[in-house]
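Residue-level structural notes
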Amino acid sequence: MKEVHISVRTLVEYVFRSGSIDSRFRTASTMTEGTKAHQTIQKTYEEADQKEVFLKTVMEHNHLSFLIEGRCDGLLLTEDMPYIDEIKSTAGDLSLLKEDSHPVHWAQAKCYAYIVSKERALDYIGVQLTYVSVKSGEQVRFRKIVSSADLGSFMEELVKAYSPYAELRAGHQKKRDESIEKLSFPFETYREGQRKLAGTVYKAISDKADLFAQASTGIGKTVSTVFPALKAMGEGKVERLFYLTAKTITRKAAEDTFSYMETKGLCLNTVTITAKDKVCLKDETRCQKDYCEFANGYYDRINGAVLDILSNETRLTSDVIKKYALKHTVCPFEFSLDLASASDGMICDYNYVFDPRVSLKRFFDEQKKKSVLLIDEAHNLVDRGRAMFSADLKKSEFLQLKKEFKTASRSIFEHAKKINDFFIALRKQCENHEMLMENIPNELIEQLEPFISDAEKELLMGSQSQLLLDCYFQAQTFVKMSKLYDERYVTTVAADRSEAVIKLLCLDPSYLLQQVKKPFRSNIHFSATLSPLHFYMDMLGGVSDDYQVKIPSPFARENLDVYIKPLSTRYHDREKSKKPISEVVMQLLEERGGNYLIFFPSYVYMKEVYESLTEVNPPFEMMIQQPQMTEAEREAFLAAFQENSTTTLIGFAVMGGIFSEGVDLIGNRLNGVIVVGVGLPQIGFERNIMKAYFQQTGKNGFDYAYVFPGMNKVLQAGGRLIRSEKDSGTIVLVDDRFLTDKYQSLLPYEWKNFVILN
């Protein structure tokens, strides 16, 4: 008989899918707040009462043996009969709760009650739901007494409802594990260094360790990380893979890898999570049941949709999910989230794991213990992490809210007025347009909390104000980030005559990233430009015990010609640098021809050189990257780089932009790359605060804030050139700083055999 392990929470949430997928607002508390609220209740228990009681039972149905287990919040033993206490924390309004508002909560408590009544041979047992506000500490309780006979019937119905899905998953897992056991490395041979990378990934997962891997462009990092992770899954070490990316183009590479491995015999369910706005089937993304038929009644249809797609598909890409979403009339975005819980692998953006605003709450710590994070292009996670843990508010939005609700709602008007008044006072202090506040703005946070509560009530009563919704979200985020605020944060203010912006700026995301990663079995960070490694380990929350590996380029050094043009591209020299840069481009393209990319540190600088070249009517084609290009425009830009083209083409692009990472122009589609400048982020208020912070913590502040992030952009841009064994080409580095010891030490080995251009 096949054994199925399942948590009480997973069981009841599958059967009792309920509520609204109206995502205009969420009232759930953070994990930390929830834990504190639980502990506050548990401290009031009598001496004989028990907390965090582990419970399990076995039930059989349709040739499956269900091992059902979980941990109940409280077992109260001081009354006439035992009571199960199920504690739920919320940031919502407790006055809106009724006894039967959340059947799923009663179901969870009843599961625990069944196990206890069975263990203790009880005829009756008490069930208690305790709701606690994380804001005020206020509590509301509901109680029932249930017979063991009714609990037995209830559990049988639960297991019966869950069993079709359990049978499907059990059958799939058997096929999956058998296919992984037979699976060989999907290519005939390993590239040089590829076997070492795969072996190190496997060892890290086996040892429950984290890994930081710098592996040169073209080595085949995706398959070298996925393949060993799959082998660990086949051996029962891992239940789920999260393949995390920063950009859509690298997500496609992961999908292609899984698809190719399927042709080699792999049987695996993978789901791609795509942003809601991109997959929405309506003209506007409004998750309201009176507007969207895919949201209305979603939970009545979702289990059938999940069973259907999992019975017929393995690669659950955006297009496949949309197809089944239309068939079953379910929201494709929410559908993809439900499928994530049912899949072996998930491909998604970093934010679904790391961003406290949108991260997946459906995966519990117990599930994470058997999950692995494969973090692609991990260098991107530093700035992305910093942004995800920061928050800001604008005066103009609350001024507009005050005007909009002057007659519509007195409470919203008063809240908006107080917050706007706070900004007016703040703007008067900010004489120099930008300033650093010494402490967290507690006065503002105290004003935001009641605003959030009243805004939530207004939205629940049906307000359709997009501005109120936006301000509600922003205020929630600001308050949530204030609870993470510590010595790694500062508060900044930027103001002018018409606007004021206050920001909780996370300077160092390392600790918070580390906390998110901690529950997972293993975290595999990999990138071609994880250099210098000590910097990225530090900024991504690594520790000295973490595994490290550096894999050099597998391609012959002779395939690459590197030139350095010692020219100043510093801001004050840019005007006089335009002509020499144009001359370098003209000379290179006249001598060598082919397809080239030239990368600049800013749009303005790029446009100036582009216009300078246009004036001389060059004998080659030119294209230029535009801000906010659509997907079709990006594809057209890349499609212009044709294999064996008879014309010479140069594409102008921005370092750190959409064309400097994850772009594969193999063979003669790209013959050379010119990189203008050392990529330093623009010197400014926030970067200088970071510089000072890192300097105070004993590091080289300028390197941490400017040099290392800048050189990463240079290395990524140059990495577009050599993508396979047959690729060859030319790299020109334009800046005199490339000849200094500091920057020389940051260049890859294969770039150091360079020629200086006069």
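Scroll up for the structure.
Predicted model, so just to flag it, every value in this text is computed and none were measured. (Residues numbered from 1 in each chain as written. Predicted model: local features only at pLDDT ≥ 70, side-chain atom pairs only at ≥ 80, totals over all residues. Heavy atoms only, no water.)

Here we come to unusual backbone geometry. Residues Ser531 and Pro532 are joined by a peptide bond in cis, for which omega reads 0 degrees. Positive phi is not limited to glycine here, since Gln628 has a value of about 55 degrees. Within the secondary structure, Gln628 sits in the loop between strand E21 (621-624) and helix H23 (631-639). On the basis of relative accessible area, Gln628 is assigned to the exposed category, the value being 76%. (Helix = DSSP H or I, 4+ residues; strand = E, 2+ residues; numbered from the N terminus. Buried < 20%, exposed > 50% of the residue type's maximum accessible area, 1.4 Å probe, protein only.)

Here we come to the sheet that holds strand E16 (residues 500-506). An order of E13-E16-E15-E14 is seen for the 4 strands of this open sheet, with the pairing classed as antiparallel. The open sheet has two edge strands, strand E13 (391-394) and strand E14 (434-437), and neither has a second partner. Neighbour-to-neighbour, the strand axes of this sheet turn through a mean angle of 20 degrees, independent of strand direction. Sheet topology note: the strand E15 (residues 489-495)/E16 ladder contains 7 bridges and is antiparallel. Bridge pairing in E16 links Thr492 to Lys503. Against the sheet, helix H18 (residues 466-482) engages E13, E15 and E16, with an angle of about 140 degrees to E13. (Pairing = 2+ DSSP bridges. Axes fitted to C-alpha atoms, helices over the stretch in contact; angles between N-to-C directions. Contact = heavy atoms within 4.5 Å.)

Before going further, it helps to spend a moment on empty space enclosed by the protein. One simple way to see leftover space: roll a probe sized like a water molecule over the atoms. One pass over the full model with this rule turns up 4 cavities of 30 Å³ or more. Estimated volume of the largest cavity: approximately 100 Å³. Lining the largest cavity are 14 residues, and of these Cys280, Leu281, Cys287, Cys292 and Cys331 lie nearest its centre. When its residues are assigned to classes, the lining of the largest cavity shows 9 nonpolar, 1 polar and 4 charged. Estimates place the volume of the second largest cavity at around 50 Å³. Every residue along the wall of the second largest cavity is listed here: Thr272, Ile273, Thr274, Val279, Ser318, Ile321, Lys322, Pro332, Phe333 and Ser336. Secondary structure elements with two or more residues in the lining of the second largest cavity: helix H10 (318-328) and helix H11 (332-342). (1 Å grid on protein atoms, 1.4 Å probe; cavity = no way out; pocket = protein on both sides within 12 Å on 5 of 7 lines; lining within 4 Å. Points joined across faces, edges and corners; volume = space filled by probe spheres on them. Nonpolar A, V, L, I, M, F, W, Y, C, P; charged D, E, K, R; others polar.)

A word on the environment of Val104. Within the secondary structure, Val104 is located in helix H3 (residues 103-119). Relative accessible area serves as the criterion here: at 13%, Val104 is assigned to the buried category. Residues within four places of Val104 in sequence aside, it is in contact with Val12, Glu13 and Phe16.

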